[in-house]
Amino acid sequence: MGLYLGLDSSTQSLSAMVIDTDTGRVVLDQSVNFGEALPQYGSPSGFLPHEDPRIKHANPLMWVAALDLLLGKLKSAGTDLSQIQGISGAGQQHGSVYLSQRLSDVPAWDIAQDLVSQVGPLLSRPTSPIWMDSSTTPQCGAIAEAVSGDARVVSITGSRAVERFTGPQIRAFYERDPEAYAATREIHLVSSFLASLLVGKTAPIDHGDGAGMNLLELASGTWSAELLAATAPALAERLPEAVPSQTIVGELSPYFVRKYGFRAGTPVVAFTGDNPSSLVGMGATEPGTAVISMGTSDTVFAAMRQPLTDPRGFGHVFGNPAGGFMCLICFANGSLAREKVAERTGLTWEAFERAILEETLPGNQGNWLLPFFIPEMTPKVLSPKVELYGNSQFTAWEQPAALARAIVEAQALSMQRHSDWIGEQPKVIRVTGGASRNRGIRQVLADVFGAEIRSLSVGNSSALGAALRAAEAVGHVPFSSLYEAFARADEASSVTPRAGATDAYGGLRQKLVERLAALGA
Ligand code: ADP
Ligand code: XUL
């Protein structure tokens, strides 16, 4: 049997998916939500509260605890993990974990203790900055200046120096706490950290996730000496190796074999970022298929043969796990912003959907808003900024249905504007992530983009992508046949633009652009 396990450590949860390549079926799909299952980490949405909205950290031990918890749940539910042929995974991008020892130098995990109590003493920094952190503007400036400007950073790494990217975060750590930096022996991404736990030694960083650090030279797939030097002293010796995504990084550590019943020697394939993993899970690793993912963040991404860069400077180029490149534009005000509107208006997701589909019309009768409930990276709005324009009831937050439509229209228009450099406007867009379950949200995307919006029959594309990557690298099953079995569109969920709807957005698009320009964004 060809069973493969994919793990996905996203912002709010850890998921596991097992696929069977013989039958073309998903045989297991389980998650633990950090906020609900691990309340002792005080992170209801997956990160620690902080009075400064620009600072967003998480306790890396929460991710470690989730791994033991989830595997324990699978075992107690009777899942036979000895049949798994290979494992891979994905992590929320950019977040970094700081260790006082190289994981290759620590003794094998002890089965008599849980992982948290063994990893805890190894941390040289108790918290991990995550992708939502936007506190490193001075460090971005300093890095760009050290290599003679942002254009140089873009030409080497595919992105300009960006607040949430790992390089600026490492520089900030070095500047704010040089002693702790000096005591740090190894720095991991969330993805390579989790892979390291599984293999019980230092796992490399793959090109998909590594490209989100402002440190990787895209052309060669190796760390850029120029950017390492511009970021922090002796950084090269603190980073794992950078490798192609399909590299087998080791065998599962005996801890997992003995504790959870995996087969001894189970191969582990390099973990990647959640978005590159989703590119695989959405069957979109060949150019021509655009994807919109609406998880905690909203992202727009697509495969690219050549690394084309965003002239406005917001988009990124990452490694495509199947080879070549992918472009990505990320919006921080995704689900968390929609949740704020749902909470404030008292709408459940069902009511939110009805509000869009049945109670309001495209263009929202001129009611619109600026959707920056938290600091935004695309466009750059570093302090929260929510402005409502329209009739007096709407601006007083008294029209729930119009407010539901307004947040989604603003997000969709911003996605469309900031993805215009990718190329021709797509006729079909594939969608994934928790919010893509909402037909109202899919309908607004269809209307704004003038495109058919399709979901796939398997949800959780990032975990699926990880399982598919394991099957490709370990079982040598080609991606094309994996996509036929696992990345099929769910026809019933398909949504097309309503007649005339796309034309309703010209005026609104203009207003949004003008307001953003006035803000300097
Ligand atoms: P992540 O992978 O980033 O942790 P998910 O893809 O699991 O996130 O998506 C979780 C989010 O999806 C929740 O925060 C919630 O706001 C949103 N969500 C879930 N169901 C719906 C729905 N029916 N309508 C709109 N949003 C939803
Ligand atoms: C992408 C990004 C987010 C995180 C969390 O650049 O910052 O999408 O990967 O999902």
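Everything that follows concerns the structure shown earlier in this document.
No experiment lies behind these values; they were computed from the predicted model shown.

1. Some details on the pairing of strand 3 (residues 25-33)
Thought 1: Inspection of the sheet shows strand 2 (residues 13-20) paired to strand 3 by eight bridges, in the antiparallel sense. Its bridge partner lying in strand 3, M17 is registered against D29.
Thought 2: Between strand 2 and strand 3, which pair antiparallel one after the other, the connecting turn spans four residues, and G24 there sits at a positive phi close to 70 degrees.

2. Thoughts on the sheet that holds strand 16 (residues 290-294)
Thought 1: Within the open sheet, the six strands sit side by side as 18-19-17-16-22-23. Their pairing is mixed. Of all strands in the sheet, those with a lone pairing partner are strand 18 (316-319) and strand 23 (452-455), marking the two edges. Neighbour-to-neighbour, the strand axes of the sheet open up by a mean angle of 30 degrees, direction not taken into account.
Thought 2: Pairing of strand 16 with strand 22 (residues 428-432) involves four bridges; the strand directions are parallel. By the bridge assignment for strand 22, A290 is matched with I429.
Thought 3: Along the sheet face, helix 16 (residues 400-418) touches strand 16, strand 17 (298-304) and strand 19 (325-331) and points at about 145 degrees away from the line of strand 19.

3. Comments concerning the pattern of salt bridges
Thought 1: Evaluation of the coordinates by the stated rule reveals 11 salt bridges.
Thought 2: R515 serves as the salt-bridge partner of E387, at 2.7 Å between the closest nitrogen and oxygen. One end of the pair, E387, is in strand 21 (residues 385-389); the other, R515, is in helix 20 (residues 506-518), and 128 residues separate them in sequence.
Thought 3: For R405, the salt bridge identified is with E409, shortest N-O distance 2.8 Å. Of this pair, R405 and E409 both sit in helix 16, four residues apart, roughly one helical turn. There is no split in this pair, since R405 and E409 are both buried.
Thought 4: Taken together, the shared-partner salt bridges in this structure form one network comprising K385, E387 and R515.

4. A word on the packing of helix 13 (residues 335-345) against helix 16
Each pair of packed helices gets described by two things: the angle between the helix axes and the distance between those axes.
Thought 1: The N-to-C vectors of helix 13 and helix 16 enclose an angle of 175 degrees; their axes lie 10 Å apart at closest approach. Judged on the interaxial angle alone, helix 16 and helix 13 are roughly antiparallel. Note on element contacts: helix 16 touches helix 13 through P400, L403, A404, I407, V408 and Q411, opposite A337, R338, V341 and T345.
Thought 2: When its residues are assigned to classes, the contact of helix 13 with helix 16 shows seven nonpolar, two polar and one charged.

5. Things to note about helix 4 (residues 137-146)
Thought 1: Restricting attention to buried positions, one finds in helix 4 the residues Q139, C140, I143 and A144. What you see down the axis of helix 4 is that its buried residues fit within an arc of 135 degrees, all on one side. Set apart from the buried face of helix 4 by more than 90 degrees, the exposed residues are P138, E145 and A146.
Thought 2: Those residues of helix 4 hidden inside the fold are in contact with helix 5 (150-157), helix 6 (166-176) and helix 10 (225-231).

6. Topic: the site of ligand 2
Thought 1: Every residue close to ligand 2 is listed here: Q93, H94, W131, R164, D274, N275, S297, T299, L328 and C330.
Thought 2: In this structure, an oxygen atom belonging to ligand 2 sits 2.6 Å away from a side-chain N or O atom of H94.
Thought 3: A distance of 3.0 Å separates an oxygen atom of ligand 2 from a polar side-chain atom of N275.
Thought 4: For ligand 2, whose unbound accessible area comes to 290 Å², protein coverage reaches 97%.
Thought 5: Contributing elements (two or more residues each) for the shell around ligand 2: helix 12 (274-281) and strand 19.

7. Considerations on the site of ligand 1
Thought 1: In the region of ligand 1, 14 residues are neighbours, and S10, T296, E339, G434 and N438 sit closest.
Thought 2: Contacts to ligand 1 include S10, whose side-chain N or O atom sits 2.8 Å from an oxygen atom.
Thought 3: Between T296 and ligand 1, the recorded distance is 2.7 Å, taken from a side-chain N or O atom to an oxygen atom.
Thought 4: When ligand 1 is considered free in solution it has 580 Å² of accessible area, and contact with the protein chains removes 78% of it.
Thought 5: Residue classes in the shell around ligand 1 are distributed as three nonpolar, nine polar and two charged.

8. Overview of the pairing of strand 22
Thought 1: The buried count for strand 22 comes to four of five residues, which makes it a mostly enclosed element.
Thought 2: Two strands pair when backbone bridges link them, and strand 22 and strand 23 are joined in this way by four bridges, in the parallel orientation. The residue of strand 23 that forms the bridge with V428 is E452.
Thought 3: Where the polypeptide runs from strand 22 across helix 17 (residues 439-449) and back to strand 23, its parallel neighbour, the crossover connection is right-handed.

9. Side note on the packing of helix 16 against helix 20
Thought 1: Taken N-terminus to C-terminus, the directions of helix 16 and helix 20 make an angle of 80 degrees; their axes are 10 Å apart at the nearest point. Looking at the two axes, helix 16 sits roughly perpendicular to helix 20. From helix 16, E409, A410, L413, S414, Q416 and R417 reach across to helix 20, where they touch L508, R509, L512 and V513.
Thought 2: Grouping the constituent residues of the contact of helix 16 with helix 20 by class yields five nonpolar, two polar and three charged.

10. Quick notes on the nonpolar core
Thought 1: Counting residues in each nonpolar core, the largest one holds 174 residues, and the members touching the most others are W109, F256, F262 and F352.
Thought 2: Counting residues per element, this core draws most heavily on helix 16, at 11 residues.
Thought 3: Setting aside residues up to four positions removed in sequence, W109 forms contacts with L103, L115, Q118, V119, L122, L197, G200, S253, Y255 and F256.

11. Structural notes on the side chain of T202
Thought 1: For T202, the location among the structural elements is in the loop between helix 8 (190-199) and strand 9 (205-206).
Thought 2: By relative accessible area, which is 18% here, T202 ends up buried.
Thought 3: A polar contact is formed between the side chain of T202 and the side chain of E186, at a distance of 2.9 Å.
Thought 4: Filtering out sequence-adjacent residues up to four positions away, T202 remains in contact with R102, L103, S104, E186, H188, S196 and P240.

Conventions we followed
Residues numbered from 1 in each chain as written. Chains lettered and ligands numbered in written order. Predicted model: local features only at pLDDT ≥ 70, side-chain atom pairs only at ≥ 80, totals over all residues. Heavy atoms only, no water. Pairing = 2+ DSSP bridges. Helix = DSSP H or I, 4+ residues; strand = E, 2+ residues; numbered from the N terminus. Axes fitted to C-alpha atoms, helices over the stretch in contact; angles between N-to-C directions. Contact = heavy atoms within 4.5 Å. Salt bridge = Lys/Arg side-chain N within 4 Å of Asp/Glu carboxyl O. Buried < 20%, exposed > 50% of the residue type's maximum accessible area, 1.4 Å probe, protein only. Parallel < 35°, antiparallel > 145°, perpendicular 65-115°, else oblique. Nonpolar A, V, L, I, M, F, W, Y, C, P; charged D, E, K, R; others polar. Arc of directions from axis to C-beta. Near = heavy atom within 4 Å. Polar contact = N/O pair within 3.5 Å; in protein donor to acceptor, adjacent residues only side chain to side chain. Areas by Shrake-Rupley, 256 points an atom, 1.4 Å probe, with all protein chains shown as cover. Right-handed = clockwise from strand over helix to strand, strands pointing away. Core = buried A, V, L, I, M, F, W, Y, C linked by side-chain atoms within 4.5 Å.

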